[in-house]
Each structure stands twice: as C-alpha cells, then as structure tokens.
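If you want the building blocks of each chain, they are given just below.
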Amino acid sequence: MTTNTTGSTTGSQPLPELLPEHKKRITPKRPGDYVCWAIALAIVGGLVYTTVTNENYQWPVVFGYFTTESILDGLVLTLVLTVVSMGLGVLLGLVLAVMRMSHQAPISGLARLYVTFFRGTPVLVQLIFWFNIAALYPNVSIGIPFTDVSTPVDVNALMTPLTAAIVGLTLNEAAYMAEIIRGGFASVSRGQYEAADSLGMRGFTRLRHVIIPQTMPAVIPATGNQVIGMLKGTSLVSVLGVAELLNSAQSIYARTYQTIPLLIVASLWYLIMTMLLSVPQSMIERRFSRSTRRQAAVATATKESLL
Amino acid sequence: MKADGTIVARQLYKSFGHHEVLRGIDLSVSAGEISCIIGPSGSGKSTLLRCVNGLETVDRGVLRVNGEDFGYVESERAYHAVRPQRLAEQRARIGMVFQQFNLFPNMTAEGNVMSGPVLVKKIDRKVARERARELLAQVGLDGCGHKYPAQLSGGQQQRVAIARALAMDPSIMLFDEPTSALDPELVGEVLAVMRDLAHNGMTMLVVTHEMGFARDVADEVLFMDGGVAVERGDAREVLANPRERRTQEFLERVL
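To start, this report covers the structure provided alongside it.

### Some thoughts on the packing of aromatic side chains
Taken as a whole and judged by the stated rule, the model has six aromatic pairs over all chains. On the numbers, 4.7 Å between centres and 10 degrees between planes, the contact of A:F66 with A:W269 is stacked. Linking A:F66 in helix α2 (residues 59-66) with A:W269 in helix α11 (residues 259-288), this pair joins segments that are 203 residues apart in sequence. A relative accessible area of 16% places A:F66 in the buried class. Overall, the relative accessible area of 14% leaves A:W269 in the buried class. Each member of the aromatic cluster is reached from another via a ring pair, and the members are A:Y57, A:W59 and A:F63. A cation over an aromatic ring shows up here: B:R60 above the ring of B:Y13, its NZ or CZ 4.3 Å from the ring centre. Positioned over the ring face of B:F104 is B:R164, at 4.5 Å from the centre of the ring.

Put into structure tokens, the structure is as follows:
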C-alpha cells in the first residue's frame, strides 16, 4: 500500500486514495459570474419580449415584403455597387499608395492632396456633389491633347444617379484604401527592399513579387472591414434615387406608410449580408494574422511557391 | 574579363547629414581574395560594404567594382549617376548577404534562391529550380527547398540567403556581419559555408566580428575606426601583431 501523503481519508468509508499530483484543481464559481448571466439574460429576454409582443413591429408585414421583387432587385443593386466600387476603389487606392511612396515630391504630394480631400469631406456630400457636377462643368471634351481629335460629352447626361453613385463611392473608397495599402507597405522592412535591390531587381518586379505579397497580412483584414463598411455605405446613395436596398424599401413605405417594417426588412438584409461576409473575413484574418504567420506558411506550403 | 571580381576604392567619403561616416577610405581586393573588415560598431565598416553594391551612395572618391566605375560614369569634370537599369545590372553581379538574412518570407527557400535568376535574368523556371536545388545542397540544405523562411532556423535562413546570392553567379560576395544575428551554436554552420566559398576562389568582402574566421580564412584584414582605415594588411599579421595602438586596443577587447 502506498503512503497517503495527505493522511486525511481514515473515515469509516475509506475513499480510493488519490495522489496529490492527480488531484483536480477547482476554481469555485463566484457570485459575480451568476450576476453577469442574470443581467445578460434579462436584457436579451426583455428585447425578445418587446419585439414579439409590440404589434407596431408588424412582423407579418416584414415577412410579407422580405422577398418582394423590388426589395430583391435593390439587394442585387446594393451588391453590384459594393463589388464595383470596392474593386475600383482598391485599384485606385493601390495607385495612390504607390504614388504616395514615390521619391518624386510632386507625385507623393498629389496623392497626399487626394487623400486629404476625399477623407476630409463626408461621403454623402461627395455623392451629392458628383451628382450635380454638371453645374460646375456642363460640357467636357474628351480627346487627345494638342490634336483635333475630341468628343464633346454632355456631363448632365453622363452623370446618371448610378454613375454618380459609383464615382462617389469609388473615389472616397480609394482614399481609405490608399492609406490601408500604404500602411501595408510601411509594414515591410527596409531589408526586403535592399535584398531585392541587391539581386538586381527593379521597380515593378520588386513591387509585384517581393513587396506587395508581404503587405497582404496588413492589408487584407483591413480591406475586409472596408468591404463591410462599403456594403452599408451604399445605403447613402439612396439620396440620389438609386434603387438600391434602402431606396427600394423607402419607395415601398412612401406608398404604404409602413415605415418601420420596411426599415426592418432592409436592416435584416444588411445584417444577413454582413454576417455572410464576416465568415470569409475571419477566415482570411486567421490566415494572415501576424502571430500565426508560421502556420499560414505551413498552410500554403502545399501550394506552389508564389514566385 | 581580368578585372572581374576586383574592388578598388580610393579616398571614399560618405556623410549622413553632418555625420561623416567614411573619411577617405582606401580599399583594394583582387580576384579570389578574401578581405575582412573589422572594427568597433559605428566605425563605418557596414557603410563601406553597402557602398560597394550601391545600397548607399558615395559622396566622393573612386569606387571601381569588377573593373568598372560603380553606379556612376566618369566624365572630365564629374561622376554622373547611371540609369537605374544599368545600376541593377551592376548590382546583379555582386552577391550580398545581410545580417538579418532578409529572405523573402512569402517565398519558399527554393523560391528565394530562384527569385534572382527567374525575375531578373529571366532564366527558365525549370532550369532555375534545378540550379536552386544544387545550390541548396551546396549549403547543406538538401530537401529544405519547400520550407518557408519562418520554418527554418537562423543558421538555415542565412545559408539560404547565401545560396540566393550565389544563384546570380556573382563575381564578388559581400557579407555584412552574417553571423551577428545568430545564436552562438548556429554560427559554425554559416562560417563553414563561407569557408567553402573561399576555398572555391570567390572574391569575398566580409564585415565580421568573428576573429577566428578572419585569421583562418582571410587574406587581408582592414581595421576601421571612426571612418578611416587605421590598419590594413595580411590577415594573420594584423591580428597577431597589430602595429597601431587602436588596433591593439580593439583586438584586446574582442579576443
């Protein structure tokens, strides 16, 4: 028989002996834990109760309109606006970020001016501005400078609500993406540029194969946030009369006066889309997060090298 | 070319702002020679090395690498900076190994070694891959080609970095304190690769604190302090019987 080092189990019903090194360690629940749960449940319960019992929510109306054609059309347009504006915004943002890093002071100054301007004014104001740009430049000639080749363009006809929406959202997004991408460039150490230089690599090759891939861990997660922000931001273009999701909901409640239910319809769709987007986003974030770089490397080790 | 693998510097001057880092340095490395630069930190030895492949520009003086003016063309009155394309060509013939390895973390070991030949010399990927495998084997990393830098030890990373520089078939190899960022037990494997290179006749200019390596491998040692070459001569001679006070003091401290 082994020695019971605690020497405590000598009662009438001897318990099986447990060596100290095998004993579980127990942290007792504290009163605070139960209080937190109680508060959280009370809040959620209250919210559920009021949403179910308050008739003003008009849930039957919500579900009635949830998949109406005009709402679904609006949904599609919202997605199109998001994808197009985001795509163009990223491209322009990359150009601006590269310009911003230029050693040529005028080039980087231009990029800085752009970012200051488009980040410093509200996107809603920018959208209305682009829609009314014809007041500033009624006619523009597109052509080759110093030649007779040119086509006059009627700006008023060109700047439909949809073009104004895409132009406004893109130009605004580009300013933010430029800053994000610039941050990505800043996260790449000087030694990487020097290593590429010492191999005789030049500007574009160095950027494309060495620097840009390394900006991804810093750029991708932030871009994911921007996509979600853009998705919701498209609701602003409803003021231009573009029939996206919010505008579609508005045009229904303008007729029926069922304001709240239709705003709920729109909100639910926004919520669903952002939740769907956050799934790939969190996956990408895990893949690119700095602390797990080693695992990320293992994950791609099976793939052909990026080179 | 006869002048391949040679470095000649005369009266090199370099300032960062008001701080003069190089104050009239002379340097001469002939083909196949191993030259070590030693000296206290801040003496300008890394700057000198970095000037040789254009990571720093020279303010004044003569710098001829592989028998031609480096980064500049001489005219009657001045040196004129060459175009970036020409500078890149000159750089491609000089291998550089950094203290912090500076491997590309987005590429595998093999990808790193292939990067120069494929992206700069536009060599066929298959050929480049074959050569990369040979080079990795040469630095003792057979079978590590698929690994990413983050999966390799410091010593292994530095050997990949050496292979990457060798892949460009340089006529000169520059080493900027190649073992200073390594754990002590990993220093040996990197030095062994460098010894190998030296025996195969590569021209090498090495900034180092490894006095043992300098004594065993180097032909010439340059002791720098305060941006000037204090003492220069046969490696074993300088390390064993330094003539200058400052060299003596430095060697007493590090040995």
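### Considerations on the interface of chain B and chain A
On the side of chain A, 27 residues touch chain B, which itself brings 33 residues to the contact. Approximately 2600 Å² of surface area, both sides summed, lies buried where chain B meets chain A, with 60% of it carried by carbon and sulfur atoms. Where chain B meets chain A, there are one salt bridge. Here A:E194 makes a salt bridge to B:R50, at a shortest N to O gap of 2.6 Å. Taken together, the elements giving at least two residues each to the side of chain B that touches chain A come down to α2 (84-92), β8 (94-97), α3 (109-120) and α4 (125-138) of chain B. In terms of residue count, α3(B) provides more of the side of chain B that touches chain A than any other element does, seven residues in total.

### Here's the deal with unusual backbone geometry
Not every positive phi belongs to a glycine, and A:Y257 is a case in point at roughly 60 degrees. Among the structural elements, A:Y257 can be located in the loop between α10 (245-256) and α11. By relative accessible area, which is 70% here, A:Y257 ends up exposed. The residue B:N66 is not glycine, and still its phi comes out positive at about 55 degrees. Locating B:N66 in the fold gives a position in the loop between β4 (60-65) and β5 (68-69).

### A word on the pattern of salt bridges
Any two side chains of opposite charge can pair if their charged atoms end up close together. Residues and elements named next belong to chain B. Going through the model one piece at a time under the given rule, you end up with 21 salt bridges over all chains. For R131, the salt bridge goes to D169, with nearest N and O atoms at 2.8 Å. You can see R131 sitting in helix α4 and its partner D169 sitting in the loop between α5 (154-166) and β9 (172-176), a full 38 residues away along the chain. Residue classification places R131 among the partly exposed residues on the basis of a relative accessible area of 28%. Its relative accessible area of 47% is what places D169 among the partly exposed residues.

### Section: the sheet that holds strand β12 (residues 228-234) of chain B
Pairing between sheet strands relies on hydrogen bonds along the backbone, with the strands arranged either parallel or antiparallel. All names here are of chain B. Within the open sheet, the six strands sit side by side as β8-β9-β10-β3-β11-β12. Their pairing is mixed. At either margin of the open sheet sits one strand with a lone partner, and together these are β8 and β12. Sheet twist, expressed as the average angle between the axes of neighbouring strands with direction ignored, equals 15 degrees. Bridge count between strand β3 (residues 34-38) and strand β10 (residues 203-207): four bridges; the pairing is parallel. Looking across to β10, one finds that C36 is bridged to V206. In this fold α5 packs onto β8 and β9, with an angle of close to 170 degrees to the strand it touches most, β8.

### Quick look at the pairing of β12(B)
All names here are of chain B. Bridge count for strand β11 (residues 220-225) against β12 is six bridges, and the pairing is antiparallel. If you follow L222 over to β12, its bridge partner there is R232. Here β11 folds back onto β12 in antiparallel fashion, the turn holding two residues, of which G226 has a positive phi close to 60 degrees.

### Brief notes about the sheet that holds strand β2 (residues 19-29) of chain B
All names here are of chain B. Across the sheet, four strands lie side by side as β2-β1-β4-β5; this open sheet has antiparallel pairing. Each of the sheet's edge strands pairs with one partner strand only, and the pair in question is β2 and β5. When β4 meets β5, the two strands line up antiparallel, connected through two bridges. Along β5, the bridge assignment pairs V65 with E68. On top of the sheet, helix α1 (residues 45-52) reaches β1 (7-16), β2 and β4; it is set at about 60 degrees to β2, its chief contact.

### A short note on a nonpolar patch on the surface
On the surface, A:V76, A:V80, A:V84, A:L88 and A:L91 cluster together into a nonpolar patch covering about 410 Å² of accessible area. Tracing the sequence through the fold places A:L88 in helix α3 (residues 69-100).

### Looking at the side chain of A:S248
All names here are of chain A. Inspection of the secondary structure puts S248 in helix α10. A polar side-chain atom of S248 sits 3.5 Å from the main-chain carbonyl oxygen of A243. In contact with S248, not counting residues within four places along its chain, are S70, I71, G74 and A243.

### Digging into the environment of A:A186
Here A:A186 is to be found in helix α7 (residues 161-186). It is 15 Å that separates the C-alpha atoms of A:A186 and A:S108, two residues lying 78 residues apart in sequence.

Conventions and cut-offs
- Residues numbered from 1 in each chain as written.
- Chains lettered and ligands numbered in written order.
- Predicted model: local features only at pLDDT ≥ 70, side-chain atom pairs only at ≥ 80, totals over all residues.
- Heavy atoms only, no water.
- Phe/Tyr/Trp six-rings, centres within 6.5 Å; stacked < 30°, edge-to-face > 60°.
- Helix = DSSP H or I, 4+ residues; strand = E, 2+ residues; numbered from the N terminus.
- Buried < 20%, exposed > 50% of the residue type's maximum accessible area, 1.4 Å probe, protein only.
- Lys NZ or Arg CZ within 6 Å of the ring centre and 35° of its normal.
- Contact = heavy atoms within 4.5 Å.
- Buried area = accessible area lost by both parts, 1.4 Å probe.
- Salt bridge = Lys/Arg side-chain N within 4 Å of Asp/Glu carboxyl O.
- Pairing = 2+ DSSP bridges.
- Axes fitted to C-alpha atoms, helices over the stretch in contact; angles between N-to-C directions.
- Patch = residues over 30% accessible without salt bridge, like charges linked within 9 Å, V, L, I, M, F, W, Y side chains within 5 Å.
- Areas by Shrake-Rupley, 256 points an atom, 1.4 Å probe, with all protein chains shown as cover.
- Polar contact = N/O pair within 3.5 Å; in protein donor to acceptor, adjacent residues only side chain to side chain.

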